[in-house]
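Remarks on the overall topology
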Amino acid sequence: MSRSGALDLASSVGGKIEKKEVLSALHKYEKYHVCHGGDREKSKANYTDMVNKYYDLVTSFYEYGWGESFHFASRWKGESLRESIKRHEHFIASQLGLKYGQKVLDVGCGIGGPLREIARFRHGLNNNEYQITRGKELNRLAGVDKTCNFVLADFMKMPFSNDTFDAVFAIEATCHAPDVLDCYKEIYRVLKPGQCFAFYEWCITDCFDPTNPIQQRIKGEVELGNGLPDIRSVRQCLEALKLAGFEVLWEKDVAADSPLPWYLPLDTSQFSLTNFRTTAFGRFATRNMVKALEFVGLAPKGSPRVQAFLEKAAEALVEGGRAGIFTPMYFFLARKPRS
């Protein structure tokens, strides 16, 4: 079960980082990003360190406020956030036609929320040690530790033989790759011929204007608050898939048909009892709680600052969603040819 208490949040901030080093790690993380004078090429070159620092810093906040599945979802009227997340995960499973006994890989699996929800017979790959440790604990609590396992590895250099998996999927994970073509090529390598790769990708849309300073600010704040070296366009991702050797069966921004906007849970003008912690009141309560816990020494120094950049990222995501310049759920279904 997800951690729900304030002390759970406080004790877990920083993940595998020594508690006295959290503030220093935060400073180093911020310097990778253009918002703090960083360079995108440097962040790509050091993506492993950048992404690991990010998830060590934020995973406890994610789990506290969002649950075990760290992703957005299209949402129907009358549907809760939790229900929409489950449906989002089952959609990707249905597109792959997953069956019991198949060997399935979740690329960039986080703490394994989708793993436990849709396919209790698969491997989750992640390069963050803290998330792997937490995921194994949750697997044990869910009683799936014998059928679901985690592999600590980089999805740019996977420790699997060629043609290993019957299906591969990723949910808002490959956006962390420093080079999307190399990432897709590696997924292509480990997938069996004739089988499919399904994934949701974070993309900037055709509405994005790189000469617009407001839109550039939004993009930079989303990158900072979400551990991204860069956000690619739909066209870049589509071209990379084809260059990697995949046949693209279909692709679509599934957010476009969502009756409720995907960013609704982050919109502070909205109120929800079922997702109280992401509302304006919930954030206010969490903000002051984290400050108090830092003051008394239960949360490491820098914890309120981590929450602050996550809040700023949430605001940027809402801005980007409203402007139509960004989507976190551009869906691709691609197949590796049989020959």
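Please refer to the structure higher up on the page.
Figured I'd write up the structure that's included with this text. (Residues numbered from 1 in each chain as written. Predicted model: local features only at pLDDT ≥ 70, side-chain atom pairs only at ≥ 80, totals over all residues. Heavy atoms only, no water.)

**Comments concerning the packing of helix α11 (residues 280-295) against helix α12 (residues 303-323)**
The relative placement of two packed helices is expressed as an angle between their axes plus a distance between the axes. Put simply, the rule is: Every axis corresponds to a line fitted to the C-alpha atoms, with the helix fit spanning only the stretch in contact, and the corresponding angles, defined between N-to-C directions, vary from 0 to 180 degrees. Put simply, DSSP marks the helices as runs of H or I at least four residues long and the strands as runs of E at least two long, and each gets a number from the N terminus on. Any angle from 65 to 115 degrees is called roughly perpendicular, while one under 35 is roughly parallel, one over 145 is roughly antiparallel, and all others are oblique. Whether a crossing is left-handed or right-handed is set by the direction in which the near helix is turned from the far one by less than a right angle, anticlockwise for left-handed and clockwise for right-handed. Every residue pair with non-hydrogen atoms within 4.5 Å of one another is taken to be in contact. By the convention adopted, Pro, Cys, Tyr, Trp, Phe, Met, Ile, Leu, Val and Ala count as nonpolar, Lys, Arg, Asp and Glu as charged, and the other residues, Gly among them, as polar.
Viewed as axis vectors pointing N to C, α11 and α12 meet at an angle of 160 degrees, and their least axial separation amounts to 8 Å. Viewed along their axes, α11 and α12 adopt a mutual orientation that is roughly antiparallel. Of the two possible hands of crossing, α11 and α12 adopt the one that is left-handed. Along the contact surface, α11 presents Arg283, Thr286, Arg287, Val290, Lys291 and Glu294, while α12 presents Ser303, Pro304, Gln307, Glu311 and Ala314. Taken together, the residues of the contact of α11 with α12 break down into three nonpolar, three polar and five charged.

**Quick look at the state of the cysteines**
Keep this limit in mind: Defined by distance alone, a disulfide is two cysteine sulfur atoms within 2.5 Å. Accessibility here uses a 1.4 Å probe with only protein chains present; expressed as a share of the type maximum, an area under 20% marks a residue as buried, one over 50% as exposed, and anything in between as partly exposed.
Here the structure, examined in full by the defined rule, presents zero disulfides. We note that cysteine 203 lacks a disulfide partner, and the nearest cysteine sulfur, in cysteine 237, lies 3.9 Å from it. For cysteine 203, a relative accessible area of 0% translates into the label buried. The class for cysteine 237 is buried, based on a relative accessible area of 0%.

**As for the pairing of strand β2 (residues 122-126)**
Put simply, the rule reads: Only strands joined by at least two bridges in the DSSP assignment are considered to pair. We call a crossover right-handed when, viewed with the strands running away from us, the connection from the first strand over the helix to the second turns clockwise.
Counting buried positions along β2 yields five of five residues, so the element is predominantly enclosed. Side chains Arg122, Gly124 and Asn126 project from β2 onto one buried face, and the interleaved His123 and Leu125 project onto a second face that is buried too. Alignment of strand β1 (residues 104-107) against β2, held across four bridges, turns out to be parallel. Bridged to valine 104 within β2 is arginine 122. Here four bridges tie β2 to strand β3 (residues 149-152), and the two strands are oriented parallel to one another. Among the inter-strand pairings, leucine 125 is bridged to a residue of β3, identified as valine 151. In this view, the connection linking β2 to its parallel neighbour β3 by way of helix α7 (residues 129-142) has right-handed handedness.

**Thoughts on helix α8 (residues 180-190)**
Defined as follows: The reported arc concerns the directions from the helix axis to the C-beta atoms and nothing else. Whenever a nitrogen or oxygen atom comes within 3.5 Å of another N or O atom, the pair is scored as a polar contact, on the condition that within protein one atom can donate a hydrogen and the other can accept it, and that pairs from neighbouring residues in sequence are kept only if both atoms are in side chains.
Every buried residue of α8 is listed here: Val180, Cys183, Tyr184, Glu186, Ile187 and Val190. For α8, the buried positions fall inside an angular range of 155 degrees around the axis, keeping them on one side. Put simply, aspartate 179 is the residue that caps the front of α8, since its side-chain oxygen is 3.0 Å from the backbone nitrogen of leucine 181.

**What to know about the pattern of salt bridges**
This is how it is decided: We define a salt bridge as a contact between a side-chain nitrogen of Lys or Arg and a carboxyl oxygen of Asp or Glu at a distance within 4 Å.
Counting across every chain of the model gives 22 salt bridges. Residues glutamate 30 and arginine 305 are paired through a salt bridge, measuring 2.5 Å at the closest nitrogen-oxygen approach. With glutamate 30 in helix α2 (residues 22-30) and arginine 305 in helix α12, this residue pair connects regions lying 275 residues apart in the sequence. The class of glutamate 30 is buried, set by a relative accessible area of 6%. Residues joined in a network through salt bridges with shared partners are Arg40, Glu41, Lys44, Lys219, Glu223 and Asp230.

**Quick look at the sheet that holds strand β5 (residues 191-204)**
Read across the open sheet, the seven strands follow the order β3-β2-β1-β4-β5-β7-β6; overall the sheet is mixed. Pairing within the sheet leaves two strands with one partner each, and these edge strands are β3 and β6 (247-253). Sheet twist, expressed as the mean angle between neighbouring strand axes with direction ignored, is 20 degrees. Together, β2 and β3 form the strand contacts of α7, whose direction differs from that of β3 by roughly 170 degrees.

**A closer look at the environment of glutamate 117**
Looking at the secondary structure, you find glutamate 117 in helix α6 (residues 113-118). Excluding residues that lie within four positions of it along the chain, glutamate 117 makes contacts with Lys86, Glu89 and His90. Here histidine 90 takes part through its side chain, which lies 2.8 Å from a polar atom of the side chain of glutamate 117.

**Describing unusual backbone geometry**
Even without a glycine there, the phi angle at aspartate 163 is positive, about 55 degrees. In this fold, aspartate 163 is placed in the loop between β3 and β4 (165-171). On the basis of relative accessible area, aspartate 163 is assigned to the partly exposed category, the value being 36%. Of note in the backbone geometry, glutamate 172 takes a positive phi value of approximately 55 degrees without being a glycine. Residue placement: glutamate 172 occurs in the loop between β4 and α8. On the basis of relative accessibility, which here comes to 7%, the residue glutamate 172 falls in the buried class.

**Some thoughts on the environment of phenylalanine 150**
Considering the arrangement of structural elements, one finds phenylalanine 150 in strand β3. Each C-alpha atom of the pair phenylalanine 150 and asparagine 139 lies 9.7 Å from the other, and the pair is 11 residues apart in sequence.

This is a description of form; function is not addressed.
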